[in-house]
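Breakdown of the fold
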Amino acid sequence: MTAADLLARIRLNGAVPRHIAIIMDGNGRWARERLMPRPMGHRSGMKSVREVVEGAIEAGVEVLSLFAFSQENWQRPITEVSALMSLLEEYIAREANELAERGVRVMVLGELDRLTPPARAAVDRVMAQTAHNDRLTLNLFISYGSRAEILRATRSIAADVAAGKLSPGEITEAEIEKRLFTAGCPDPDLLIRTSGEQRISNFLLWQVAYAELYISPVLWPDFGRRELYEAIVAYQSRERRFGKVSA
Ligand code: IPE
Ligand code: IPE
Ligand code: MG
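Cut-offs applied
Residues numbered from 1 in each chain as written. Chains lettered and ligands numbered in written order. Predicted model: local features only at pLDDT ≥ 70, side-chain atom pairs only at ≥ 80, totals over all residues. Heavy atoms only, no water. Helix = DSSP H or I, 4+ residues; strand = E, 2+ residues; numbered from the N terminus. Contact = heavy atoms within 4.5 Å. Polar contact = N/O pair within 3.5 Å; in protein donor to acceptor, adjacent residues only side chain to side chain. Buried < 20%, exposed > 50% of the residue type's maximum accessible area, 1.4 Å probe, protein only. Salt bridge = Lys/Arg side-chain N within 4 Å of Asp/Glu carboxyl O. Near = heavy atom within 4 Å. Areas by Shrake-Rupley, 256 points an atom, 1.4 Å probe, with all protein chains shown as cover. Nonpolar A, V, L, I, M, F, W, Y, C, P; charged D, E, K, R; others polar. Core = buried A, V, L, I, M, F, W, Y, C linked by side-chain atoms within 4.5 Å. Pairing = 2+ DSSP bridges. Axes fitted to C-alpha atoms, helices over the stretch in contact; angles between N-to-C directions.

Looking now at the environment of Asn27. On the secondary structure map, Asn27 appears in helix H2 (residues 27–33). As for Asn27 and Ala4, which are separated by 23 residues in sequence, their C-alpha atoms are 26 Å apart. When residues no more than four places from it in sequence are discounted, the contact partners of Asn27 are Arg38, Gly41, His42, Gly45, Trp220 and Pro221. In this structure the side chain of Asn27 is engaged in a polar contact, spanning 3.0 Å, whose partner is the side chain of His42.

Structure, rendered in structure tokens:
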């Protein structure tokens, strides 16, 4: 089926996931299969980002979360880390205006203090430029680790308790949620991982509590609008029970 056929089917089926999160994996293997250096795989993955953003807008998704660089990824060889930082700058330089025109609000989430100054400047610029948009929220997770995010929230709560602003009994799920990077965002309904790996790799551990999981064998640079729509169609056939029994 073509992407257009799949989109028609998605519309017929009804309920589209409000929030889709994607662990974009397989760039290195894609490059290796072509005897190219790993950064070429990352470069090629940029066009998948573009397609998936367009596809999400057309399908009426509200939030798209993309895992682009984990805290653990800082341990990769410096050449690869530098290539990824440059690609981030290049992506923002090339796409910011179009994203802004299309009504996309870009949020970059993670430990941003670790970014190089030019990458940090690019991130701040695109967030400011698109802050007022509301057609699609694009969360780019960079230098992100979910355990570190939960630890940060815990410290913030502990500080409030120590300062007498909050009592232990007042610590609720909502108090934790508002201290996560994703504060105010609905939880992901659908979590996609590409390249066939069947693990979460420290992504949104709190937020994916009831997300539907979809593992695609396709390597990220080969993942496009059609593959996104296939995942949405699969999601639409799932029964989400949230621990209850079927109606
Ligand atoms: C995903 O592709 C992108 C990042 C993690 C930055 P990988 O670089 O992990 O590709 P593989 O898993 O080695 O194929
Ligand atoms: C997860 O992919 C991180 C991103 C996609 C940014 P990795 O390739 O780093 O994860 P592992 O090492 O296979 O778990
Ligand atoms: Mg990988």
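On we go.
With that settled, consider the environment of Pro17. One can find Pro17 in the loop between helix H1 (3–13) and strand E1 (19–23). Looking at Pro17, the relative accessible area reads 0%, which means it is buried. As for Pro17 and Glu62, which are separated by 45 residues in sequence, their C-alpha atoms are 8.2 Å apart. Setting aside residues no more than four positions away along its own chain, Pro17 makes contact with Val61, Asp189, Leu190, Ile232 and Tyr235.

Looking now at the pattern of salt bridges. Pairing between side chains of opposite charge can happen when their charged atoms approach one another. Within this structure, the stated rule accounts for 28 salt bridges. The closest approach of N and O atoms between Arg29 and Asp25, which form a salt bridge, is 3.5 Å. With a relative accessible area of 25%, Arg29 lands in the partly exposed category. The shortest N-O distance in the salt bridge between Glu98 and Arg50 comes to 3.3 Å. In this pair, Glu98 sits in helix H4 (residues 78–101) while Arg50 sits in helix H3 (residues 38–59), placing the two residues 48 residues apart along the sequence. On the accessibility criterion, Glu98 (28% relative accessible area) is partly exposed. Since its relative accessible area comes to 32%, Arg50 is described here as partly exposed. Here the salt bridges do not stand alone but share partners, grouping Arg50, Glu54, Glu58, Glu95, Glu98, Arg102 and Arg225 into one network.

As a structural note, the neighbourhood of ligand 1 is formed by 13 residues, with Asp25, Gly28, Arg29, Arg38 and Arg76 the closest of them. Here Gly26 contributes a backbone N or O atom positioned 3.4 Å from an oxygen atom of ligand 1. One of the side-chain N or O atoms of Arg38 is found 2.8 Å from an oxygen atom in ligand 1. Surface burial for ligand 1 is 87%, taken as the share of its 380 Å² of free accessible area covered by protein chains. Counting only elements with at least two residues in the shell around ligand 1, the list comes to H2, H3 and H4. For the shell around ligand 1, the element with the highest residue contribution is H2, accounting for 3 residues. Looking at the shell around ligand 1 residue by residue, the class counts come to 3 nonpolar, 5 polar and 5 charged.

In terms of nonpolar packing, the biggest core is built from 52 residues, with Ile22, Val53, Leu64 and Leu138 touching the most fellow members. Of the residues forming this core, the biggest block, 9 residues, is contributed by H4. Among the nonpolar cores identified, the runner-up in size contains 12 residues, and Ala21, Phe67, Tyr144 and Ala211 belong to it.

Here we have 6 strands laid out as an open sheet, ordered E3-E4-E2-E1-E5-E6, and parallel in their pairing. Two strands close off the open sheet at either side, each with one partner strand: strand E3 (104–109) and strand E6 (212–215). The mean angle between the axes of side-by-side strands here comes to 20°, regardless of whether they run parallel or antiparallel. Sheet strands in contact with H4 are strand E2 (63–70), E3 and strand E4 (136–144), and its direction is about 165° off that of E4.

Around ligand 2, the structure places Ile23, Met24, Asp25, Phe67, Ala68, Phe69, Ser70, Asn73, Arg76, Arg193, Arg199 and Ser201. Separating an oxygen atom of ligand 2 from a side-chain N or O atom of Arg76 is a distance of 3.3 Å. A distance of 2.6 Å separates an oxygen atom of ligand 2 from a polar side-chain atom of Ser201. Starting from 390 Å² of accessible surface for ligand 2 in isolation, the protein chains cover 77%. Residue contributions to the shell around ligand 2 peak at 4 residues, all from E2. Considering only residue class, the shell around ligand 2 consists of 5 nonpolar, 3 polar and 4 charged.

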